[in-house]
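If you want the building blocks of each chain, they are given just below.
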Amino acid sequence: MFDWNKSCAYDGEQKRRFHTTARSRLKRLAAELALPSGSYELRSNKGGIAVSGEIILHHDRTYIQVGQFGLSSGHGVLIRTCNGRRDFTGGANHFVALSLLNDIRALAAAVRAITGIVASRHVAAARAA
């Protein structure tokens, strides 16, 4: 279980682990949401030495950003709707705890509730079997 609240500020090794693990979890999230290949991008911006930077999953209908921007509140995953991958402002911002990255099904449920994304019948049927 990854400790998402261990600060990346001034800790290059922690920042590397944070970005690597977050990218891996966002890939798993895309699979859990049954996002078609090519319908999303994964990006990473490491930022400067004093910040965590951010890792982004940008789908045609949702924008998800992971960072340590809300450590005092316990939040660090931004979820919002968008209208294509050129939409960087999108709908209203919703925040959930970084710890949800340790529970991909729960994170996917939050994404679905906020964005309305649902798995196709084909994918849902395959998972039920």
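Structure: see above.
The structure displayed is predicted, hence computed values, not measured ones.

Draft legend 1. How the structure looks around the overall build of the chain. A tally of regular secondary structure across the chain gives three helices and five strands. Starting at the N terminus, the α and β elements of the chain follow one another as α-β-β-β-β-β-α-α. When each of the 129 residues of the chain is scored for burial, the buried share is 40%. Long-range contacts, defined here as pairs at least 24 residues apart, represent 48% of the contacts in the chain between residues at least 6 apart. Working note: accessible area of the chain is about 6,900 Å², and carbon and sulfur atoms make up 52% of it.

Draft legend 2. A look at the nonpolar core. Grouped together as the largest cluster of nonpolar side chains are 26 residues, with contacts concentrated most on Leu26, Leu29, Ile64, Val66, Val77 and Leu107. Among the secondary structure elements, those contributing two or more residues to this core are α1 (12–32), β2 (54–59), β3 (62–70), β4 (75–81) and α2 (104–115). Leaving out residues up to four positions away in the same chain, Val77 has contacts with Ile64, Gln65, Val66, Phe69, His94, Phe95, Val96, Ala97, Leu98, Leu101 and Leu107.

Draft legend 3. Focus on unusual backbone geometry. Even without a glycine there, the phi angle at Tyr10 is positive, about 60°. In this structure, Tyr10 sits in the segment before α1. Its identity is not glycine, yet Ala34 carries a phi of approximately 60°, on the positive side. According to the relative accessible area criterion, Ala34 is partly exposed, its value standing at 22%.

Draft legend 4. Geometry of the packing of α1 against α2. For the pair α1 and α2, the least separation of the axes is 9 Å and the interaxial angle reads 60°. Here α1 is positioned oblique relative to α2, judged by the angle of their axes. The two elements α1 and α2 cross, and the hand of that crossing is right-handed. Across from Arg25, Arg28, Leu29 and Glu32 in α1, the residues of α2 making contact are Ile104, Arg105, Leu107, Ala108, Val111 and Arg112. For the contact of α1 with α2, the class distribution of residues is five nonpolar, no polar and five charged.

Draft legend 5. Region of the structure containing α1. Spanning 21 residues, α1 covers 30 Å between terminal C-alpha atoms, matching the ideal 30 Å at 1.5 Å per step. Inspection of α1 places Gln14, Lys15, Phe18, His19, Thr21, Ala22, Arg25, Leu26, Leu29, Ala30 and Glu32 among the buried residues, and these make up the whole buried set. Remark: Ala34 follows α1 within two positions and exhibits a positive phi of approximately 60°.

Analysis parameters
- Residues numbered from 1 in each chain as written.
- Predicted model: local features only at pLDDT ≥ 70, side-chain atom pairs only at ≥ 80, totals over all residues.
- Heavy atoms only, no water.
- Helix = DSSP H or I, 4+ residues; strand = E, 2+ residues; numbered from the N terminus.
- Buried < 20%, exposed > 50% of the residue type's maximum accessible area, 1.4 Å probe, protein only.
- Contact = heavy atoms within 4.5 Å.
- Areas by Shrake-Rupley, 256 points an atom, 1.4 Å probe, with all protein chains shown as cover.
- Core = buried A, V, L, I, M, F, W, Y, C linked by side-chain atoms within 4.5 Å.
- Axes fitted to C-alpha atoms, helices over the stretch in contact; angles between N-to-C directions.
- Parallel < 35°, antiparallel > 145°, perpendicular 65-115°, else oblique.
- Left-handed = near helix turned anticlockwise from the far one by under 90°.
- Nonpolar A, V, L, I, M, F, W, Y, C, P; charged D, E, K, R; others polar.
- Expected span 1.5 Å × (residues − 1).

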